[in-house]
Amino acid sequence: MAHVLTVRPTARPRRLPPVLAVVAVVALLALPLAPGGGGGAHPADVVSALVVLYSALRLLRDRRRPLSRTAAVVLGLPVLGLAVAAVGAASPGAGPAGLGRYLQVFVLVPAAVLLLLRDRGDVRLLTWSMVGLALWQGAVGVHQYVTATGASYQGERIRAVGTFGPQDVMGMATVVSLGLVCAVGLALGRTPVRQRQFAAGCALVLLLPLALSFSRGAWIATAVTCAVQLLLAGVRRALAVGAVVVAAAVVLVGGFGVGTAMLQERVGSITEVTDAPDQSVTDRYTMWAAAAEMWRERPLTGVGLKGFPEHRDAHASLALSSGSETDGAGAGYRRQPLLSPHNMYLLVLAEQGLIGLLALAGSWLGLLVLGLRRLIAERRDRGTVPDCAFVACGLLVWQLTDFAYADIGGPSTVLTAVCFGLAAWWALGSREQGVAGR
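Calculation criteria
- Residues numbered from 1 in each chain as written.
- Predicted model: local features only at pLDDT ≥ 70, side-chain atom pairs only at ≥ 80, totals over all residues.
- Heavy atoms only, no water.
- Helix = DSSP H or I, 4+ residues; strand = E, 2+ residues; numbered from the N terminus.
- Buried < 20%, exposed > 50% of the residue type's maximum accessible area, 1.4 Å probe, protein only.
- Contact = heavy atoms within 4.5 Å.
- Areas by Shrake-Rupley, 256 points an atom, 1.4 Å probe, with all protein chains shown as cover.
- Phe/Tyr/Trp six-rings, centres within 6.5 Å; stacked < 30°, edge-to-face > 60°.
- Lys NZ or Arg CZ within 6 Å of the ring centre and 35° of its normal.
- Pairing = 2+ DSSP bridges.
- Salt bridge = Lys/Arg side-chain N within 4 Å of Asp/Glu carboxyl O.

Points about the overall build of the chain
Thinking step 1. Helix and strand counts for the chain stand at 17 helices and four strands.
Thinking step 2. Taken over 438 residues, the chain has a buried fraction of 52%.
Thinking step 3. In the chain, 78% of the contacts between residues at least 6 apart in sequence involve partners at least 24 apart.
Thinking step 4. In the structure as shown, the chain presents an accessible area of about 19900 Å², 66% of it carried by carbon and sulfur atoms.

Quick look at the packing of aromatic side chains
Thinking step 1. Summed over all chains, the structure comprises 12 aromatic pairs.
Thinking step 2. For the pair tryptophan 364 and phenylalanine 403, a centre-to-centre distance of 5.1 Å together with 40 degrees between the ring planes defines the contact as tilted. Of this pair, tryptophan 364 sits in helix 14 (residues 344-382) while phenylalanine 403 sits in the loop between helix 15 (387-402) and helix 16 (413-428), and the two are 39 residues apart along the sequence. The residues tryptophan 364 and phenylalanine 403 share a single accessibility class, namely buried.
Thinking step 3. An aromatic cluster of three or more residues is present, and its members are Tyr102, Phe106, Tyr345, Trp364, Phe403 and Phe420.
Thinking step 4. Directly above the ring of tryptophan 425 sits arginine 374, whose terminal nitrogen or CZ lies 6.0 Å from the centroid.

So, the environment of leucine 357
Thinking step 1. Relative to the helices and strands, leucine 357 resides in helix 14.
Thinking step 2. It is 9.6 Å that separates the C-alpha atoms of leucine 357 and leucine 82, two residues lying 275 residues apart in sequence.
Thinking step 3. Residues contacting leucine 357, with those up to four places away along its chain left out, are Tyr345, Val348, Leu349 and Gly362.

Brief notes about the pairing of strand 2 (residues 156-159)
Thinking step 1. The pairing of strand 1 (residues 151-153) with strand 2 spans three bridges and is antiparallel. Across the sheet, alanine 151 pairs through a bridge with arginine 159, a residue of strand 2.
Thinking step 2. Hairpin connection from strand 1 to strand 2: two residues lie between these consecutive antiparallel strands, with glutamine 154 at a positive phi of about 55 degrees.

Structural notes on the pattern of salt bridges
Thinking step 1. Under the defined criterion, the tally for this structure stands at seven salt bridges.
Thinking step 2. The salt bridge partner of glutamate 378 is arginine 382, with a shortest N-O separation of 3.3 Å. You can see glutamate 378 and its partner arginine 382 sitting in helix 14, four residues apart, about one turn around the helix.
Thinking step 3. Of the charged contacts in the structure, one is a salt bridge between aspartate 381 and arginine 380, with a shortest N-O distance of 3.7 Å.
Thinking step 4. Residue classification places arginine 380 among the exposed residues on the basis of a relative accessible area of 60%.
Thinking step 5. Overlapping salt bridges, with partners in common, bring together Arg120, Glu378 and Arg382 in one network.

Structure (structure tokens):
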């Protein structure tokens, strides 16, 4: 008797979540840069462009409306000021280059992240990837401090910079700070107890590399953001957690001898403006004054995209040094020119004028107001706040605070775009989308 061969239908392969494309951008920031390098696009920037293309192709395939009207207005608002500033750029190449960078960070990548995040499960996956990146970069930074292989700081190679090198001393500080904010948000949300405990542990561990980054702006932004997150979770809870964090900070930093003295000096230098400030503080305030002078000269449109370096010397006082010195962390001595005021608001005001600042700041303020309003609505309707809300609002608050001490630049800037995308998902996404995967 002939046997009939039956073929069972194979199970359909499980589709990978689209958010993995964004996770890949975060993961690439763990790659070490070549010593002394810094020119050209980072692999994460290249992949972020592919993420934008991928999200556009998904829209064409699914034939669905890309963004809601509110999302299109909020995310598209910066284009107005950018277009005007690009036309007024000093050189033909500066306009398109600056326009592309701003669109990448504040419009295209955030919109792509918003479109690729399906539910809160995707948000948690992306959030944990940022925590993992922070732990990796923090571990590298602590090793640099302990072994004296970091970037040069006051003659000693102890500054933790992670894999970003001395040319981007703010890179590790940014990554660690954002990872810490994500961990705090995960610890405050309505998730399983073990997950909240692990997230809280990660936040405490990240305090050490953040301290060893010697980044005053990152310290201030992180302290402000964590305070806001804790207050949003409840005043009583904020006081209890705040006491634990202060105690942990004392324990982690107190045993580092010379590092403690340097940290105290670094903290004290934040407010030293008139009484013998260090040169970096002098340079910062001098460039702030120069940016303000550029704005007064062209209040509406500014000096054009990427115009700050060209107009700097004509508006800066003699107190400005010729550049900052970098050394260590696998690279040789180098003197870097000061090409930005290290204040995002003043940079936009100088190069894009009031039109550009109102457009960009209006977009950011819209995200913040809508995000906080949705967080309050969640607490009113459900009695608790999800971790995604604390993470999204926290990341946005950190960026807007840090922009008072830093501007965009370097490989870690692509992480800024991802943060704005997460904030946009919470502020502009539908309530049905947020409930899924709760």
